[in-house]
Amino acid sequence: MTFRKSLFSIALFTSLVAQTACSGDVVLEKRLTPADTLLETTNRTVVPGTFVMTVKNVNVFNKMVFLNSEDTYLDRANVAVQITSAVAYNADIRFGGDFRKMVLNKKILVIGSAMKVGADLEQGIIVNTKGDERTYIFVSRASNIFFE
């Protein structure tokens, strides 16, 4: 096999694995709750997976939408699904209405990557401090959000 064919095969395989990992068809066997997510995201490791939670609060800040597992984002037990305004817009289209209102007090399942990061909660920005770490699940597209 030539080098070019080998490289093409590797690229094709990588593409297929990425599509399978992110598709709703695989809606994956292990579903992490907020409590599980808090345990899994120690030492700022990135944890890809399927996450399930009830959205108790929705915040919008700097063109980012945060779907919170607790009544206030200040709660240490809070795990927030973070999506861009573009993903929220696509979710509006996908679900046929204002997604931010639809999701409130509903159980959702998302496919994404969770990470514990330092946060300056007064400024609403992520910083590199270890003093106040929060857990976020980053979801990159509306097709990775489901109502359960």
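Residues numbered from 1 in each chain as written. Predicted model: local features only at pLDDT ≥ 70, side-chain atom pairs only at ≥ 80, totals over all residues. Heavy atoms only, no water.

Let us now look at the overall build of the chain. Broken down by element type, the chain carries 4 helices and 9 strands. Each helix (α) and strand (β) of the chain, taken in turn from the N terminus, gives the series α-β-α-β-β-β-β-α-α-β-β-β-β. Considering the chain as a whole, with its 148 residues, one finds that 34% of them fall into the buried category. Sequence separation of at least 24 residues holds for 58% of the intrachain contacts in the chain that already meet a minimum separation of 6. Only carbon and sulfur atoms are counted for the fraction: they give 58% of the accessible area of the chain, which is about 8900 Å². (Helix = DSSP H or I, 4+ residues; strand = E, 2+ residues; numbered from the N terminus. Buried < 20%, exposed > 50% of the residue type's maximum accessible area, 1.4 Å probe, protein only. Contact = heavy atoms within 4.5 Å. Areas by Shrake-Rupley, 256 points an atom, 1.4 Å probe, with all protein chains shown as cover.)

All right, on to the packing of aromatic side chains then. Across all of its chains, the model carries 5 aromatic pairs by this definition. Measuring from ring centre to ring centre gives 5.7 Å for Phe 95 and Phe 99, while their planes differ by 20 degrees; the resulting arrangement is stacked. With a relative accessible area of 23%, Phe 95 lands in the partly exposed category. Three or more aromatic residues joined by ring pairs form one cluster here, namely Phe 66, Tyr 136 and Phe 138. (Phe/Tyr/Trp six-rings, centres within 6.5 Å; stacked < 30°, edge-to-face > 60°.)

Right, let's get into the pairing of strand β3 (residues 57–61). Bridging between β3 and strand β4 (residues 64–68) involves 5 bridges; their strand directions are antiparallel. By the bridge assignment for β4, Asn 57 is matched with Asn 68. (Pairing = 2+ DSSP bridges.)

Take the environment of Val 103 next. Relative to the elements of secondary structure, Val 103 occurs in the loop between α4 (99–102) and β6 (107–120). Residue class for Val 103 comes out buried when judged on its relative accessible area of 0%. The contacts of Val 103, once residues within four sequence positions are left out, are Val 55, Val 58, Leu 67, Ile 108 and Phe 147.

Below, the discussion takes up the pattern of salt bridges. For the structure on display, the rule yields 4 salt bridges. We note a salt bridge from Arg 31 to Glu 148, for which the minimum N-O separation is 2.4 Å. Residue Arg 31 is found in strand β1 (residues 31–32), and its partner Glu 148 is found in the segment after β9 (145–147); the two are separated by 117 residues along the sequence. Under the relative-accessibility criterion, Glu 148 is labelled partly exposed at 47%. Residue Asp 98 pairs with Arg 100 through a salt bridge whose shortest N-O separation is 3.6 Å. (Salt bridge = Lys/Arg side-chain N within 4 Å of Asp/Glu carboxyl O.)

For the rest of this paragraph, the subject is the confidence of the model for the chain. Model confidence for the chain is summarised by a mean pLDDT of 79, while 70% of its residues fall at 70 or above. In the predicted structure, residues 3–26 sits below a pLDDT of 50 and forms 11 contacts with residues beyond four places in sequence or in another chain. (pLDDT = per-residue confidence, 0-100.)

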